[in-house]
Amino acid sequence: MSLINKEVADFTVQAYQNDAFHEVSKKDILGKWSVFFFYPADFTFICPTELKDLSEKYEEFKKIGCEIYSVSTDTHFVHKAWHDASDTIKAIQYPMLADAAHRLSRDFQVLIENDGIAERGTFVVNPEGKIVAYEVVAGNVGRNAEELLRRVEALQFVAEHGDQVCPAKWKPGAATLKPGLDLVGKL
């Protein structure tokens with residue numbers, strides 16, 4: 001079953017960000033674009049490469065009004081310990097959400113029940129709190145923050161210009177398409 005247009009359930013979780021703990025709840029995501037970036041666990045191998053990639057694009061996400069939330073089933077204390085132990089993780093500025101009770105990973109349907117960890121799932125949530133794009137990849141394949149940024153930009157464009165669509169590899173400023181009979185069979 002598709003998760004497109006599924007509204008994110010109410011939640012409140014602990015987060016680690018900028019050397020401090022704080023809570024993040026559903027009310028924090030409403031009114032802006034969000035990316036929930038689930039990964040299996042702290043102190044692992046592929047995860048820090050992905051989180052670093054996101055960190056390097058974080059300012060670009062913020063410029064387009066999109067917050068990044070990395071999420072694992074670790075506690076916020078483990079996030080802090082990883083931050084303190086790893087120069088790669090030390091550079092992260094976005095909130096690292098702690099989903100030790102598995103509420104978010106169950107709601108987004110990425111929890112591996114038998115292992116108590118999340119799949120590598122990426123979800124784009126619109127300002128109304130609804131999932132508008134997602135992908136889940138095998139645990140041994142890392143994701144690409146540049147493509148994720150492009151996807152969010154395209155989703156934002158389509159949300160603003162509902163009569164237009166973005167073709168493959170679209171980037172801001174490139175030509176879009178306006179669906180209609182005149183395009184059928186012409187592309």
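The name an unreviewed UniProt entry gives the chain is Alkyl hydroperoxide reductase C, with Anaerobiospirillum thomasii as the organism. The Sequence similarities (unreviewed entry) field of the UniProt record for the chain holds the comment "Belongs to the peroxiredoxin family. AhpC/Prx1 subfamily." Its UniProt record gives the chain the following Catalytic activity (unreviewed entry) comment, quoted word for word: "a hydroperoxide + NADH + H(+) = an alcohol + NAD(+) + H2O".

*Asks:* How do you make sense of the packing of aromatic side chains when you look at a structure like this?
*Replies:* Between two aromatic rings, the relevant description is the distance of the centres plus the angle of the planes. Counted by the stated rule, this structure contains 13 aromatic pairs. Arranged with centres 4.8 Å apart and planes meeting at 65 degrees, the rings of Phe108 and Phe123 form a pair that is edge-to-face. Note that Phe108 is positioned in the loop between α5 (103-107) and β6 (111-112) and Phe123 in strand β8 (residues 120-125), a separation of 15 residues in sequence. Taken as a pair, Phe108 and Phe123 share a single burial class, namely buried. Note on Phe157 and Trp170: the rings are 5.2 Å apart at their centroids and 45 degrees apart in plane angle, and the pair reads as tilted. With Phe157 in helix α6 (residues 145-160) and Trp170 in the segment after α6, this pair connects stretches of sequence that are 13 residues apart. For the pair shown, Phe157 and Trp170 are each scored as buried.

*Asks:* What should I look at first to understand helix α2 (residues 46-63) in this one?
*Replies:* Because the α-helix completes a turn every 3.6 residues, residues three or four places apart line up on one side. Between its terminal C-alpha atoms α2 stretches 27 Å, which fits the 26 Å expected from 18 residues at 1.5 Å a residue. A maximum bend of about 50 degrees is found in α2 at Lys57. The complete set of buried residues in α2 reads Cys47, Pro48, Glu50, Leu51, Leu54, Ser55, Lys57, Tyr58 and Phe61. Gly65 sits one or two residues past α2 and shows a positive phi near 75 degrees.

*Asks:* Just checking my understanding: could you explain the nonpolar core for this structure?
*Replies:* A general trend in soluble globular proteins is that nonpolar side chains are found buried together. Counting 22 residues, the largest nonpolar core has Val35, Leu51, Leu54, Phe61 and Leu148 as its most contacted members. Of all the elements in the fold, those that place two or more residues in this core are β3 (33-38), α2, β4 (66-72) and α6. The biggest single contributor to this core is α2, with 5 residues. Excluding residues within four positions of it along the chain, Leu148 makes contact with Val35, Phe37, Leu54, Phe61, Thr122 and Val124.

*Asks:* How do you make sense of the pairing of strand β9 (residues 131-137) when you look at a structure like this?
*Replies:* Where a strand is regular, its side chains alternate between the two sheet faces. Pairing of β8 with β9 involves 6 bridges; the strand directions are antiparallel. Its bridge partner lying in β9, Arg120 is registered against Val137. Hairpin geometry of β8 and β9 is characterised by an intervening segment of 5 residues between the two adjacent antiparallel strands and by a positive phi of about 85 degrees at Gly129.

*Asks:* Is there a simple way to think about the pairing of strand β1 (residues 12-17) in this case?
*Replies:* Judged from the 6 bridges that link them, β1 and strand β2 (residues 20-25) form a sheet pairing that is antiparallel. Counterpart to Tyr16 in the pairing with β2 is Phe21. Hairpin geometry of β1 and β2 is characterised by an intervening segment of 2 residues between the two adjacent antiparallel strands and by a positive phi of about 50 degrees at Asn18. Bridge count for β1 against strand β5 (residues 96-98) is 3 bridges, and the pairing is antiparallel. From the neighbouring strand, Gln14 faces β5, where its bridge partner is Ala98.

Here is what the cut-offs are and how they apply
- Residues numbered from 1 in each chain as written.
- Predicted model: local features only at pLDDT ≥ 70, side-chain atom pairs only at ≥ 80, totals over all residues.
- Heavy atoms only, no water.
- UniProt positions renumbered as here; feature names shortened; annotations may be inferred.
- Phe/Tyr/Trp six-rings, centres within 6.5 Å; stacked < 30°, edge-to-face > 60°.
- Helix = DSSP H or I, 4+ residues; strand = E, 2+ residues; numbered from the N terminus.
- Buried < 20%, exposed > 50% of the residue type's maximum accessible area, 1.4 Å probe, protein only.
- Expected span 1.5 Å × (residues − 1).
- Bend = angle between axes of the 7 residues up to and from the residue.
- Core = buried A, V, L, I, M, F, W, Y, C linked by side-chain atoms within 4.5 Å.
- Contact = heavy atoms within 4.5 Å.
- Pairing = 2+ DSSP bridges.

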